[in-house]
Amino acid sequence: MVVKNILKFEALAAHQSANHEVVMIRANAEQINAIAQIERLGRKEGKLTGFQRPQIAGHITEIRNYLAKSDAVLPNALVLAFVDGAKIIKGKGSVVTLEVDVSNGKPALVVDGQQRLTALTQTRRDDFEVFVACLICKDMDELRRQFILINNTKPLPKSLIYELLPSVENLPERLSSRALAAAMTERLNFDDGSSLKGMVKMQTNPSGIIRDTILQKAIMNSESAGAIQTLAQRSEDVSEPVALMSNFYAAVKNVFADDWVGHDPKTSRLVHGAGVIAMGYVMDEIYTRTGKSTVESFAEGLQPLVGATAWTAGEWNFGANEIVPWNRIEYTPRQYVQLAEHLVGILRKSSKVKSVARSR
């Protein structure tokens, strides 16, 4: 029902959280599109906007072809979220009315079901109604939090979920424990002056060469028992840990320029998942020994590895008759731990030699 710029839907209210209002309506694609929009994940002037992944054309086509059939059914409800522009008018019992004001545009965002809605829209079937769960949120932060919680059990790209984490609070431990790593990755990838600016592959930066989930893993390793743990205990601000990693990779790029510049994970294991994780342990080792996090201190600490690596050619000699060609190093726990132990072992051996030389 439409009255001027007000759309009214008969709804069924569900008693759930005391802090949220949730109702179920039924509507066709035209009615849903009149009140809701799909906001893609992106960045505007460096700030995160939206939250939805890109559309998957093949999946949409499959759904559309199915919905075009006369016997098609779609029992799965879409989920919309409102921050404003909607209110619930109480009725008799659980039967209520959802009023949506579209005078200032479409107030609802599609939280779940974007592919189904797009497919249904393309069929142009005004006789096909779907169930739509509508959630009224207090603000955009709450809306994004609900998006993560609703979609995290489904096969959404983990990198999309992780990129949203820095802007959301009060999440389950398994997600919030990754928040610092996600926040640092965002800063390293987008801050001016970062040695890794633009190099991290994220939902909003698909041209990057180092996967965000890999860099986050390296950060989380250091956060649990390394340099970042030490710095994080001083302050909740991530600026110091970000500077630490930026300085370390600036040194890596200088010391191993031939293995870094112009390379991708296929041509250099230094920017490959195994190399990124292993070098995280190298960063922690140098910081532990020196207590310094400048580009110069890291560059000096990396010197024992010069001429002892096989990032783009040659072989790794891990001892015990185990020799691995450079391009056979894979992103598996066994191999990146083995690589890390090998590199850290070279640093420690060099440190012992210097200590003996100084004592003579």
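Residues numbered from 1 in each chain as written. Predicted model: local features only at pLDDT ≥ 70, side-chain atom pairs only at ≥ 80, totals over all residues. Heavy atoms only, no water.

**Here we look at the overall build of the protein chain**
Inference 1: When you go through the protein chain residue by residue, the secondary structure sums to 14 helices and 15 strands.
Inference 2: Expressed as a percentage of its 360 residues, the buried residues of the protein chain come to 47%.
Inference 3: Of all intrachain contacts in the protein chain linking residues separated by at least 6 positions in sequence, the fraction that spans at least 24 positions is 67%.
Inference 4: Accessible surface computed for the protein chain: about 18,500 Å², of which carbon and sulfur atoms make up 49%. (Helix = DSSP H or I, 4+ residues; strand = E, 2+ residues; numbered from the N terminus. Buried < 20%, exposed > 50% of the residue type's maximum accessible area, 1.4 Å probe, protein only. Contact = heavy atoms within 4.5 Å. Areas by Shrake-Rupley, 256 points an atom, 1.4 Å probe, with all protein chains shown as cover.)

**Remarks on the pairing of strand S11 (residues 130-136)**
Put simply, side chains in a regular strand alternate between the two faces of the sheet.
Inference 1: Buried residues dominate S11, accounting for 6 of its 7 residues.
Inference 2: Taken together, the 7 bridges between strand S3 (residues 21-27) and S11 define a ladder with antiparallel strand orientation. Within S11, the residue paired with Glu21 across the bridge is Ile136.
Inference 3: Summarising the sheet, strand S7 (residues 78-82) and S11 pair through 5 bridges and their orientation is parallel. Paired with Phe82 across the strands is Ile136, a residue of S11. (Pairing = 2+ DSSP bridges.)

**As for the packing of aromatic side chains**
Each aromatic ring pair is summarised here by two numbers: the centre-to-centre distance and the angle between the ring planes.
Inference 1: The tally for this structure, following the rule as stated, stands at 7 aromatic pairs.
Inference 2: Measuring from centroid to centroid gives 5.2 Å for Phe248 and Phe298, while their planes differ by 80 degrees, and the two rings are edge-to-face. Within this pair, whereas Phe248 is found in helix H10 (residues 239-255), its partner Phe298 is found in helix H13 (residues 295-302), the two being separated by 50 residues in sequence.
Inference 3: Phe248 gets classed as buried once you look at its relative accessible area, which sits at 0%.
Inference 4: Using a relative accessible area of 0% as the deciding quantity, one classes Phe298 as buried.
Inference 5: Residues Tyr249 and Trp260 carry aromatic rings whose centres are separated by 5.8 Å and whose planes lie at 45 degrees to one another, so their mutual orientation is tilted. Of this pair, Tyr249 sits in helix H10 while Trp260 sits in helix H11 (residues 257-260), placing them 11 residues apart in sequence. (Phe/Tyr/Trp six-rings, centres within 6.5 Å; stacked < 30°, edge-to-face > 60°.)

**Considerations on the packing of helix H12 (residues 273-290) against H13**
Inference 1: Closest axis-to-axis distance for the H12/H13 pair is 10 Å, and the angle between their directions is 110 degrees. Between H12 and H13, the interaxial angle falls into the category roughly perpendicular. In contact with Met279, Val282, Met283, Ile286, Tyr287 and Arg289 of H12, H13 contributes Ser297, Phe298, Gly301 and Leu302.
Inference 2: Class assignment of the residues belonging to the contact of H12 with H13 gives a composition of 7 nonpolar, 2 polar and 1 charged. (Axes fitted to C-alpha atoms, helices over the stretch in contact; angles between N-to-C directions. Parallel < 35°, antiparallel > 145°, perpendicular 65-115°, else oblique. Nonpolar A, V, L, I, M, F, W, Y, C, P; charged D, E, K, R; others polar.)

**Looking at the packing of helix H7 (residues 179-190) against helix H8 (residues 212-225)**
Inference 1: Contact geometry for H7 and H8: axes closest at 9 Å, N-to-C directions at 125 degrees. One finds that H7 runs oblique with respect to H8. Both H7 and H8 take part in a crossing whose hand is right-handed. In contact with Leu180, Ala181, Ala182, Met184, Thr185 and Leu188 of H7, H8 contributes Asp212, Leu215, Gln216, Ile219, Met220 and Glu223. (Left-handed = near helix turned anticlockwise from the far one by under 90°.)

**Re the pairing of strand S10 (residues 108-112)**
Inference 1: Of all the 5 residues making up S10, 5 are buried; the element is thus mostly covered by neighbouring parts of the structure.
Inference 2: When strand S4 (residues 36-37) meets S10, the two strands line up parallel, connected through 2 bridges. Directly across from Gln37, in S10, lies its bridge partner Leu109.
Inference 3: Across 4 bridges, S7 lies against S10 in antiparallel orientation. Within S10, the position partnered with Val79 by the bridge is Asp112.

**A short note on the nonpolar core**
Inference 1: With 53 residues, the main nonpolar core has Met245, Phe248, Met279 and Leu302 as its most contacted residues.
Inference 2: Considering every element that reaches this core, the biggest residue donor is H12, with 9 residues.
Inference 3: Once you skip the residues sitting within four places of it in the chain, Met279 turns out to touch Phe248, Tyr249, Val252, Phe256, Leu270, Leu302, Trp311 and Leu343.
Inference 4: Ranked by size, the runner-up nonpolar core spans 34 residues in total, among them Ile60, Leu74, Leu78 and Val110. (Core = buried A, V, L, I, M, F, W, Y, C linked by side-chain atoms within 4.5 Å.)

**Considerations on the pattern of salt bridges**
Inference 1: With the rule as written, the count across this model stands at 11 salt bridges.
Inference 2: Put simply, Asp112 and Arg116 hold a salt bridge, and the shortest N to O gap is 3.5 Å. Here Asp112 matches Arg116 in class, with each residue buried.
Inference 3: Between Lys197 and Asp192 there is a salt bridge; the shortest N-O distance is 2.3 Å.
Inference 4: Shared partners join several salt bridges into a network, and the residues in it are Glu285, Arg289 and Arg348. (Salt bridge = Lys/Arg side-chain N within 4 Å of Asp/Glu carboxyl O.)

**Regarding the environment of Asp126**
Inference 1: Summarising the element assignment, Asp126 is placed in the loop between helix H3 (114-123) and S11.
Inference 2: Asp126 gets classed as exposed once you look at its relative accessible area, which sits at 57%.
Inference 3: For the pair formed by Asp126 and Ala27, sequence separation is 99 residues and the distance between their alpha carbons is 9.2 Å.

**Digging into H10**
Three or four residues apart is the spacing at which side chains of an α-helix point the same way, because the helix has 3.6 residues per turn.
Inference 1: The first and last C-alpha atoms of H10 sit 24 Å apart over 17 residues, in line with the 24 Å expected at 1.5 Å per residue.
Inference 2: Taken as a whole, H10 has its buried residues at Pro241, Val242, Leu244, Met245, Ser246, Phe248, Tyr249, Ala250, Ala251 and Val252.
Inference 3: Those residues of H10 that are buried are in contact with H7, H8, helix H9 (227-232), H11, H12 and H13. (Expected span 1.5 Å × (residues − 1).)

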